[in-house]
Amino acid sequence: MAALPLILTVFVACAVEAIEALTIVLAAGLTREWRSTFQGMTVALVVLAVIVAVLGPTVTLLPLTALRLVVGALLAIFGLQWLRKAILRATGYKALHDEASAYLREVAAAEAAATSSRGRVHDWYAFTLSFKGVLLEGLEVVFIVITFGANQRDVGAAVIGAAAAVIVVTVTGIAVRAPLARVPENAMKFAVGIMLTSFGIFWGAEGAGVSWPGHDGALLGLVPVVALVALAYTALLRRTRAALPTSAPTSEEVTSS
Amino acid sequence: MKRLRSIGAFWYDFVVGDDWRVAVVVVSALALTALLVHAAGVNAWWLVPVCAFAALGWSLRRATSRG
C-alpha cells in the first residue's frame, strides 16, 4: 500500500477523535481557564507522543506474519465495532453523536465544579478535564497510527496523517471558537469503520497464511465489498425501522459516545 | 483493586466494544483459516470476510431487536 491511503485513513480517523477532544477542550477553556486547559492538553499530547515513540518502533520489530495476524484481528474487531455503531446511528437505532449537546453537558459540569490549584496548575478541574478528554480520544488514534504504521513499516506516514488532522481541527476550532457540530461525524466514522474492517480482514487473513487473489490488489476489491455490505445493512435496517410504530432512540443510546 | 478493575474495563471496552460476540467470531474465523491453510492446504481467503459480514449482521440484529 502506498503512503497516501495510509495517511488519508489515519487523517480521517484522527479528525473524528480530534473533533470530540476539541469539544471537551473548548468547554474547559471557555468556562474555566485557558492556561490550565492548555497545560492538560499539552501533557496528554506528550503522553500520546511517548506511547507512539515507544510502541511504534517496538511493534515494528515483530515478525510481519505474526504482526499481521494480531494487528489484523484487532483492527477487524475495532473496525466492525465502529461500523456497527455508525450503522445504528445512520438508521436511527442509536442517537447521532451531537457535539453541540455534548458541549453543553461539559459546560454545565465545568461551571458547577469548584476551583482548586495544585502545583503549577491553577485550575485542577480544567486541567484534568482537558487531559482526560485529549488522552482518551487520542488513544484510539494512537492505536490506529501504530497498527497501520507498523503493518506498512511506515509509522512516520501514519504520524503525519494524525498530526495533520489535529492541526486542521485545532485551527478550525480556534477560528470558530465553537464545537464543530456541522462536521458529518457519523459519515466519517462510517468511512473509517469500512477502512479499518477492510485492512483488518486483509492483514488478519494474510497473517493466518492465506494468499489473497491479486495479492495487495485484493484490497481494492475488499474495500468496496465491505462498503456495499455496510450500506446494504443500513438500507435493510432503515426499512425495518420505518415499519416500527415508534422510532425514538432510548436515553441510554442518546448519551453513549 | 478497584483501579485495576476500571483499567481492565477500559481496555475491554476499548478493544472489544459493545458486542463481544463480534470479537469471538473474528478470532475464531482467523483460527479456522490458519487451520485450513496449514493443515488442509486450503487457501481459504474468503472465510474471514464472510464471517466478519455475518458477525456484523448478527450483532446489528441483536442490537435492533432489543429495543
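Reading guide: rules and limits
- Residues numbered from 1 in each chain as written.
- Chains lettered and ligands numbered in written order.
- Predicted model: local features only at pLDDT ≥ 70, side-chain atom pairs only at ≥ 80, totals over all residues.
- pLDDT = per-residue confidence, 0-100.
- Helix = DSSP H or I, 4+ residues; strand = E, 2+ residues; numbered from the N terminus.
- Contact = placed C-beta atoms within 7 Å.
- Nonpolar A, V, L, I, M, F, W, Y, C, P; charged D, E, K, R; others polar.
- Expected span 1.5 Å × (residues − 1).
- Core = buried A, V, L, I, M, F, W, Y, C linked by C-beta atoms within 7 Å.
- Buried ≥ 20, exposed ≤ 12 C-beta atoms within 10 Å, placed from the backbone.

### Here we look at the confidence of the model for chain B
Residue and element names in this part refer to chain B.
Then, number 1: In the predicted model, chain B carries a mean pLDDT of 90, and 97% of its residues have values of at least 70.
Then, number 2: Per-element confidence in chain B ranges from a low mean pLDDT of 79 for helix α1 (residues 2-15) to a high of 96 for helix α2 (residues 20-40).
Then, number 3: Confidence metrics for the complex model read pTM 0.78 and ipTM 0.91.

### Focus: the interface of chain A and chain B
Then, number 1: Between chain A and chain B, the residue contacts involve 30 residues of the former and 30 residues of the latter.
Then, number 2: Mapped onto the side of chain A that touches chain B, the elements with two or more residues apiece are α3 (64-90), α7 (185-208) and α8 (218-242) of chain A.
Then, number 3: With 12 residues, α3(A) is the single largest residue contributor to the side of chain A that touches chain B.
Then, number 4: Looking at side-chain class alone, the side of chain A that touches chain B contains 22 nonpolar, seven polar and one charged residues.

### A word on α1(B)
Then, number 1: Between its terminal C-alpha atoms α1(B) stretches 20 Å, which fits the 20 Å expected from 14 residues at 1.5 Å a residue.
Then, number 2: A positive backbone phi angle near 80° is found at B:G17, which sits one or two residues after α1(B).

### Let's talk about the nonpolar core
Then, number 1: Ranked by internal contacts, the top residues of the largest apolar core, which has 91 residues, are A:V10, A:C14, A:V145 and B:V26.
Then, number 2: Not counting residues within four places of it along the chain, the set of residues in contact with A:V10 comprises A:I144, A:V145, A:F148, A:A158, A:G161 and A:A162.

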